[in-house]
Amino acid sequence: MPKSKRNRPVTLSKTKKKGREHKENVVNSIRDAVEKYDSAYVFTFENMRNLKFKEFRDRLKSSSRFFLGSNKVMQVALGRSVADEIRSGLHKISKLLRGDSGLCFTSLPKEDIQRLFNEYEDYDFARTGSTATETVELKEGPLDQFTHEMEPFLRVVELVSDFVVCEEGKPISPESSRILRLLGIKMATFKLHLICRWSSEDFEVYREGLEDSDIESS
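Residues numbered from 1 in each chain as written. Predicted model: local features only at pLDDT ≥ 70, side-chain atom pairs only at ≥ 80, totals over all residues. Heavy atoms only, no water.

Peer 1: Residue-level account of the overall build of the chain, with values.
Peer 2: From N to C terminus, the chain includes eight helices and eight strands. Partitioning the intrachain contacts of the chain with sequence separation of at least 6 by distance along the chain shows that 76% fall at a separation of at least 24. For the chain, the computed accessible surface area is about 13,000 Å², with 46% contributed by carbon and sulfur atoms. (Helix = DSSP H or I, 4+ residues; strand = E, 2+ residues; numbered from the N terminus. Contact = heavy atoms within 4.5 Å. Areas by Shrake-Rupley, 256 points an atom, 1.4 Å probe, with all protein chains shown as cover.)

Put into structure tokens, the structure is as follows:
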């Protein structure tokens, strides 16, 4: 088994939001996870909902550990090149930490992890600025679908004619977001996508469209 390089010292710059001590704790926790678990995954997410993610994470807490936060700090922990990676091949997953992404370390078989991630999705109300997945229109006339408690808010909308709450493919306004919530229409889907998998034996890329240069050795 190749010798671990996890104890190699690393220099981290200070930031206003998170200090050096916090960054070093994250780095050390990630390096501990590399030694403890059999494999590591990079995943991305859509429409993150913290409570829902916590529930998903808690389901796997006996066999897995998740990290979200600064991609740069996670990359430093793993190593960004062959020269500074803490285990052979880890720089490959480091290069794929970009945008809204995180790390999952686990001892579960890869088939189980793939199934859990692929099957998971949860619906929620769309937030301001998100893209409408369908057009919603209120027709002229009485709003029979609303309860009495909802009426005070809706009095700002005079339905003397049809009213378009949102249009498919366009951003949702604050007012539209509130009306969609009152209507009970959920347009946001919280989903997780596996990008790649690393273990001491192999490395796999799951998402198509990644450039070969992204995962080649530096």
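Next, the rest of the story.
Peer 1: Can you tell me about the environment of Leu 90, naming the residues and giving the values?
Peer 2: One can find Leu 90 in helix H4 (residues 90-94). Sequence separation between Leu 90 and Trp 198 is 108 residues; the distance between their C-alpha atoms is 7.0 Å. The contacts of Leu 90, once residues within four sequence positions are left out, are Val 34, Leu 78, Gly 79, Glu 85 and Trp 198.

Peer 1: Describe in detail the packing of aromatic side chains, supporting the description with residues and values.
Peer 2: For the coordinates displayed, the defined rule picks out 11 aromatic pairs. Seen in terms of ring centroids, Tyr 41 and Tyr 206 are 6.4 Å apart; in terms of plane orientation they differ by 15 degrees. Their pairing is stacked. Here Tyr 41 is found in strand E1 (residues 39-46), whereas its partner Tyr 206 is found in the loop between strand E8 (203-205) and helix H8 (212-215), with 165 residues between them in sequence. Consider the rings of Phe 56 and Phe 117, whose centres lie 5.3 Å apart with planes at 85 degrees: the pair is edge-to-face. Taken together, the residues Phe 56 in helix H2 (residues 50-59) and Phe 117 in helix H5 (residues 110-119) connect sequence positions 61 residues apart. A relative accessible area of 0% means that Phe 117 is categorised as buried. An aromatic cluster is built from Phe 43, Phe 53, Phe 56, Phe 66, Phe 117, Tyr 120 and Phe 190, whose rings are joined through pairwise contacts. For the cation-ring pair, Lys 186 lies above Phe 125, with the distance from its terminal atom to the ring centre recorded as 5.4 Å. (Phe/Tyr/Trp six-rings, centres within 6.5 Å; stacked < 30°, edge-to-face > 60°. Buried < 20%, exposed > 50% of the residue type's maximum accessible area, 1.4 Å probe, protein only. Lys NZ or Arg CZ within 6 Å of the ring centre and 35° of its normal.)

Peer 1: Residues and numbers for the pattern of salt bridges, please.
Peer 2: Evaluation of the coordinates by the stated rule reveals 13 salt bridges. Linking Glu 24 and Arg 20 is a salt bridge whose minimum nitrogen-to-oxygen distance equals 3.7 Å. Residue Glu 24 and its partner Arg 20 are both found in helix H1 (residues 20-36); the two are separated by four residues, about one turn of the helix. With its nearest N and O atoms 2.8 Å apart, the salt bridge here joins Asp 124 to Arg 49. Of this pair, Asp 124 sits in strand E4 (residues 121-124) while Arg 49 sits in the loop between E1 and H2, placing them 75 residues apart in sequence. Residue Asp 124 is classed as partly exposed on the basis of its relative accessible area, which comes to 23%. (Salt bridge = Lys/Arg side-chain N within 4 Å of Asp/Glu carboxyl O.)

Peer 1: Which residues make up the packing of H1 against helix H3 (residues 71-78), and what values do they have?
Peer 2: With their axes 9 Å apart at the nearest point, H1 and H3 run at an angle of 50 degrees to one another. Taken together, H1 and H3 sit at an angle that is classed as oblique. Like other packed secondary-structure pairs, H1 and H3 cross with a definite hand, here right-handed. For the pair H1 and H3, contact is made by Lys 23, Val 26, Val 27, Ile 30, Arg 31 and Val 34 and by Val 73, Met 74, Val 76, Ala 77 and Leu 78, respectively. (Axes fitted to C-alpha atoms, helices over the stretch in contact; angles between N-to-C directions. Parallel < 35°, antiparallel > 145°, perpendicular 65-115°, else oblique. Left-handed = near helix turned anticlockwise from the far one by under 90°.)

Peer 1: Kindly report on helix H7 (residues 174-183), identifying the contributing residues and their values.
Peer 2: Those residues of H7 that sit buried are Ser 176, Ser 177, Ile 179 and Leu 180. End-on, the buried residues of H7 take up no more than an arc of 165 degrees, which puts them together on one face. (Arc of directions from axis to C-beta.)

Peer 1: Outline H5, supporting the account with residue identities and numerical values.
Peer 2: Every buried residue of H5 is listed here: Ile 113, Leu 116 and Phe 117. Buried residues of H5 fall within an arc of 90 degrees about the axis and therefore sit on the same side. Facing away from the buried side of H5, by more than 90 degrees, are the exposed residues Asn 118 and Glu 119. Here the buried face of H5 lies against E1, H2, strand E2 (64-68), strand E3 (101-106) and strand E7 (188-199).

Peer 1: I'd love a proper account of the nonpolar core, names of residues and values included.
Peer 2: With 22 residues, the main nonpolar core has Ile 30, Leu 78, Ile 93, Leu 103 and Phe 105 as its most contacted residues. Elements with a minimum of two residues in this core: H1, E1, H3, H4, E3 and E7. The contact partners of Leu 103, leaving out residues within four places of it in the chain, are Ile 30, Tyr 41, Val 42, Phe 43, Arg 65, Phe 66, Phe 67, Met 74, Leu 78, Ile 93 and Leu 97. Counting residues in each nonpolar core, the second largest holds 16 residues, with Phe 53, Cys 104, Tyr 120 and Phe 190 among its members. (Core = buried A, V, L, I, M, F, W, Y, C linked by side-chain atoms within 4.5 Å.)

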